[in-house]
Amino acid sequence: MVNVGASVARSKQLERDAYYIGLARAVQAGADCLGTKVGAVVVLRNRVVATGFNGTPEGFANCSDDGCVRCHDRWLEKQGRSVEMTDPAHTAGQALDRCICVHAEQNAFMSSARFGIALEGATLYTTQSPCFSCLKESVQVGIRRIVYGERYGATYNEPIADQYSALCAHLAGDDPTCFEILGGAGTRQPNVT
């Protein structure tokens, strides 16, 4: 027997998810990064409480103005100008800790903190699935659900991929809809090298 009430509630949730991902995509337009542009929206009790996009810290030059060495090197690599890079390790998915840019999710969390908004039980909507760091920070600030627009292309070795999956499982508990791609059918397993 089909639980009609549950399917109506799920349908309404998926409609809200599409709306909030649309907002995250609008926020993404503010990103000034030479890499992937990402937008994030945090929703608590069906209200937007924070937004963020990726970019350099306040008061620093934007990526497009050479504000981030790693992003500029990555851009040079994409242009076939690798010999001009300051560090050959600044390639796709590598040396991310050297990027001065703050991720969209991190900016949303820090905006919440700056204005005294607790995120316990909130939903994070982001245009890409969170990287490892943003996922662990989501767990730490009390995010209960993550919905993303598309999968982030990073690959992790098997032990790190297992930890990523463990973080997702901790966040989601027994509810697979608590970490999912827009429209459902999310995955807890990132790309593995």
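Since the model is a prediction, treat every value here as computed from it, not as a measurement.

Asks: Could you give an account of the environment of Tyr-148, naming the residues involved and the relevant values?
Replies: Topologically, Tyr-148 is positioned in strand β4 (residues 145-150). Judged by its relative accessible area of 2%, Tyr-148 is buried. Sequence separation between Tyr-148 and Tyr-125 is 23 residues, and the spatial gap between their C-alpha atoms is 5.7 Å.

Asks: How would you sum up the sheet that holds β4? Please name residues and give values.
Replies: The strands making up a sheet associate through backbone hydrogen bonding, with each pair oriented either parallel or antiparallel. On the basis of which strands lie adjacent, the open sheet formed by five strands has the order β2-β1-β3-β4-β6 and mixed pairing. Strands with a single pairing partner mark the edges of an open sheet, and in this sheet they are β2 (47-53) and β6 (179-181). Strand-to-strand twist of the sheet, defined as the mean angle between neighbouring strand axes without regard to direction, takes the value 20°. In this sheet, strand β3 (residues 123-128) lies alongside strand β1 (residues 39-44) in antiparallel orientation, the contact comprising four bridges.

What counts, and where the lines are drawn
- The residue numbering used here restarts from 1 in each chain and proceeds along that chain's sequence as written.
- For this predicted model, a pLDDT threshold of at least 70 governs which residues receive local features, and a threshold of 80 or more governs which side-chain atom pairs are given and counted, while totals over whole chains, interfaces and linings are taken from all residues.
- Heavy atoms from the whole structure form the basis of all side-chain values; hydrogens and water molecules are not counted.
- A run of H or I in DSSP becomes a helix once it reaches four residues, and a run of E becomes a strand once it reaches two; helices and strands are each numbered from the N terminus.
- Buried, partly exposed and exposed residues are distinguished by accessible area as a fraction of the type maximum, computed with a 1.4 Å probe on protein chains only: under 20%, between the cut-offs, and over 50%, respectively.
- Criterion used throughout: strands pair if DSSP finds at least two bridges between them.
- For helices, the fitted line uses only the C-alpha atoms of the stretch in contact; every axis is such a line through C-alpha atoms, and the angle between N-to-C directions lies from 0 to 180 degrees.

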